[in-house]
Amino acid sequence: MKNNLKERNLTMLTDFYELTMAGGYFECELRDRIAYFDMFYRSNPDKSGYAIMAGVEQMIEYLTNLRFTDEDVEFLRSKGIFTEGFLEYIRNFKFECDVWAVPEGTPIFPGEPIVTVKGPLIQAQFVETMILLSINHQSLIATKANRLARAAQGRAVMEFGSRRAQGFDGAIYGARASYIGGCVGTACTICDRDFKIPALGTMAHSWIQSFDTEYDAFKAYAELYPDNCTLLVDTYNTLKSGVPNAIKVFDEVLAPMGKRPKGIRIDSGDITYLSKKARKLLDAAGYEDCKICASNSLDEFIIRDMLIQGAQVDSFGVGERLITSSSSPVFGGVYKLVALENDGVITPKIKISENVGKITTPCFKKLYRLYDRETNKSIADVITTHDEVIDDSEPYEIFDPHDTWKRKTIENFYAVDIRKKYIENGKLIQKMPGIEEIKSYCKEQMETLWDEVTRFENPHNYYVDLSQKLWDVKNELLNRGKKRR
């Protein structure tokens, strides 16, 4: 895979306030104070019961290749607000933070510290924008792709959204995230070259329109690509023209070669109805193995309803509603200071708000997932302070951090710290998995969730609890904040 972020040097892809704060930290002699920042998100997209972590690889690429060029320094000097001392600091900038993250492909839930950065305040603050950009975008698209794949009930879902993506990076990294989430391939050719994600596709309506007749267009395509012949049959009339002409070409071009057609694609009309009729025509002609692909503004709810209504569709091409997650286009991850360290002493920090959802959870933390030993299903997640260890040889009590009277004792479980440390002192310390490994891992991890959590309508609220120790610290800080008002 080509390291595009390294080649492009996106160090300056940052909110300007991160630079003004960096300059301030430098002048106020706070630059080397150790800070802890968490990335978390507040609600699942599409009112889903979960989300899928993605974008870690691109985040790591960015963080391990941070450098300011001479042109960057000169640009900042031209702003007329930064001191020469600060400009010299960034000229020699070296990223020295530690970074923990939930691995790509893992189901995640609101409020969890899915990324934690520990390091000099000036550095940990500066990387906010790209961490959020990398994780927010790909997690959003991976989640949408996973919902689509589940709606398809084992049928292939292909990402067809390059032309509708919000910019070329949206197309490229959206295709990557889609594959992690469950798609079988993409229409985006560069993703096959760079990420080894299978590039899929056949023809547009313009191919058919470019020939004198639909039959001539199908015939030419079949002669050119006899081993991968999928024909788009809805340019003029799906049932009266498209499917009959496709069958004629299968008979006259492919059959004499000893080849079988791969499929037909329907891109408009009542696809459920058309697919049923097309299936009968194909079967009657002896092409029971010819697959039917559906496209045209599909989403998970349309796919689900089509299959409930008996659509004879073997695969789905999903474009704009996947690549933009148009029904829920914002992931909403945030990056907040949760602790400061001085002489080895960690002091928790909290943001208090009249909006309860914006109150942060303080402290340097761990994120545990508790699994049932008999079923291997996820029971709950527990956020603890960094120095806590959940002893899964003993019963463990979990409780709702808001309605604390809701308590449950868990037995016969095992606890896993689901985050990994990827970067130490600015250096990558983990071997990054390949895209196929991430995709397989995502599928495995989704199987640990109960069906009630993954259903489309009114999913079960997955429990994300705080340890008693962490809850006590948060409650104490909240009480202190009340007294200051």
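Reading the values: rules and limits
Residues numbered from 1 in each chain as written. Predicted model: local features only at pLDDT ≥ 70, side-chain atom pairs only at ≥ 80, totals over all residues. Heavy atoms only, no water. Salt bridge = Lys/Arg side-chain N within 4 Å of Asp/Glu carboxyl O. Helix = DSSP H or I, 4+ residues; strand = E, 2+ residues; numbered from the N terminus. Expected span 1.5 Å × (residues − 1). Buried < 20%, exposed > 50% of the residue type's maximum accessible area, 1.4 Å probe, protein only. Arc of directions from axis to C-beta. Phe/Tyr/Trp six-rings, centres within 6.5 Å; stacked < 30°, edge-to-face > 60°. Lys NZ or Arg CZ within 6 Å of the ring centre and 35° of its normal.

Draft legend 1. Main features of the pattern of salt bridges. Using the criterion set out here, one finds 31 salt bridges in the structure. Here Asp-98 ties to Lys-421 by a salt bridge, and the two come within 3.6 Å at their closest N and O atoms. With Asp-98 in strand 3 (residues 98-101) and Lys-421 in strand 19 (residues 420-424), this pair connects stretches of sequence that are 323 residues apart. Among the salt bridges present, the one from Asp-227 reaches Lys-259, with a minimum N-O distance of 2.7 Å. Pair noted here: Asp-227 is in the loop between helix 11 (214-224) and strand 8 (230-232) and Lys-259 is in the loop between helix 12 (238-257) and strand 9 (263-266), with a separation of 32 residues, a long-range link.

Draft legend 2. Focus on helix 13 (residues 271-284). With 14 residues, helix 13 should reach 20 Å at 1.5 Å per residue; the first-to-last C-alpha distance of 19 Å fits that figure. By the burial criterion, the buried members of helix 13 are Ile-271, Thr-272, Leu-274, Ser-275, Ala-278, Arg-279 and Leu-282. The buried side chains of helix 13 occupy one side of the element, clustering within an arc of 150 degrees when seen end-on. Residues of helix 13 that are exposed and point more than 90 degrees away from the buried face comprise Lys-280 and Ala-284.

Draft legend 3. Broad picture of the packing of aromatic side chains. Per the counting criterion, the structure on display carries 22 aromatic pairs. When the centroid spacing of 6.1 Å and the interplanar angle of 70 degrees are considered together, the rings of Phe-16 and Phe-82 count as edge-to-face. Remark: Phe-82 occurs in the loop between helix 4 (70-78) and helix 5 (84-91) and Phe-16 occurs in helix 2 (residues 16-27); sequence separation between them is 66 residues. Owing to a relative accessible area of 13%, Phe-82 belongs among the buried residues under this scheme. Both rings, one in Tyr-36 and one in Phe-364, keep their centres 4.6 Å apart while their planes meet at 35 degrees; by these two values the pair is tilted. Linking Tyr-36 in strand 1 (residues 34-41) with Phe-364 in the loop between strand 13 (345-348) and strand 14 (365-372), this pair joins segments that are 328 residues apart in sequence. Judged by its relative accessible area of 1%, Tyr-36 is buried. Grouped by ring-pair contacts, the aromatic residues Phe-16, Phe-26, Phe-68, Phe-82, Phe-86, Tyr-89, Phe-93 and Phe-126 constitute a single cluster. Note that Lys-377 overlies the ring of Trp-450, its terminal NZ or CZ placed 5.8 Å from the centroid. The positively charged end of Arg-407 is found above the aromatic ring belonging to Phe-399, 4.2 Å away from the centroid.

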